[in-house]
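Secondary and tertiary structure notes
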Amino acid sequence: MTIEEVQNEIIEEFAMFEDWEERYQYMIDLGKDLPLIDEKYKTEDNIIKGCQSKVWVHANMQDDKVSFTADSDAIITKGIIAILIRAFSNQHPKDILDADTDFIDKIGLKEHLSPTRANGLVSMIKQLKMYAIAYQTQLS
């Protein structure tokens, strides 16, 4: 699936829920299915700066596709990073860099987060794109 196809799938899933309480519960459930980061990567170097909670992200490239693993010490934040990883994992670095993140607005996520969590969301996106830049540079 392309990034856009995955993002559209996420939009459709969030549209099934009546209210934000149900959407938050769904995000928490997504966080439980997150591809967990190996304990050895839970280091300061892999913590996303700008997040109120601790969020660790690790990237790996295989067959020209970047895959991400992550974890967080907060359940909502874990759900947020799970959504982002689902959208961007197992994709070519250039596709990650070229992808837009409008799907976040379309599911209404940003407007339902506290300002500090919204800042953390932006930091998570930046970090995933930074990994993509690093891997794209290796391919060039």
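On a predicted model such as this, the values are computed, not experimentally measured, just so you know.

Moving on, we come to the pairing of strand β2 (residues 65–72). Within a regular strand, side chains alternate between the sheet's two faces. Relative to β2, strand β1 (residues 55–62) runs antiparallel, the two sharing eight bridges. Looking across to β2, one finds that A59 is bridged to F68. From the end of β1 to the start of β2, which pair antiparallel, there are two residues, and D63 there has a positive phi angle of about 55°.

Attention now moves to the nonpolar core. F68, I81 and L84 are the most contacted members of the largest nonpolar core, which totals 44 residues. When residues of this core are traced back to their parent elements, those giving at least two are α1 (3–15), α2 (20–32), β1, β2, α3 (75–88), α5 (102–106) and α6 (115–139). Among the elements that make up this core, the one with the highest residue count is α3 (nine residues). Discounting residues that sit within four places of it in the chain, L84 has contacts with F103, I104, L121, M124, I125 and L128.

Enumeration according to the criterion identifies five aromatic pairs in this entry. With centroids separated by 6.2 Å and ring planes inclined at 65°, the aromatic side chains of F68 and Y131 adopt a geometry described as edge-to-face. Taken as a pair, F68 in strand β2 and Y131 in helix α6 lie far apart in primary sequence, 63 residues in all. In terms of burial, F68 and Y131 fall into one category: buried. Members of the aromatic cluster, joined through ring pairs, are F14, F17, W20, Y24 and Y26. Over the aromatic face of W56 sits the side chain of K42, whose NZ or CZ is 4.8 Å from the ring centroid.

Cut-offs and rules
Residues numbered from 1 in each chain as written. Predicted model: local features only at pLDDT ≥ 70, side-chain atom pairs only at ≥ 80, totals over all residues. Heavy atoms only, no water. Pairing = 2+ DSSP bridges. Helix = DSSP H or I, 4+ residues; strand = E, 2+ residues; numbered from the N terminus. Core = buried A, V, L, I, M, F, W, Y, C linked by side-chain atoms within 4.5 Å. Buried < 20%, exposed > 50% of the residue type's maximum accessible area, 1.4 Å probe, protein only. Contact = heavy atoms within 4.5 Å. Phe/Tyr/Trp six-rings, centres within 6.5 Å; stacked < 30°, edge-to-face > 60°. Lys NZ or Arg CZ within 6 Å of the ring centre and 35° of its normal.

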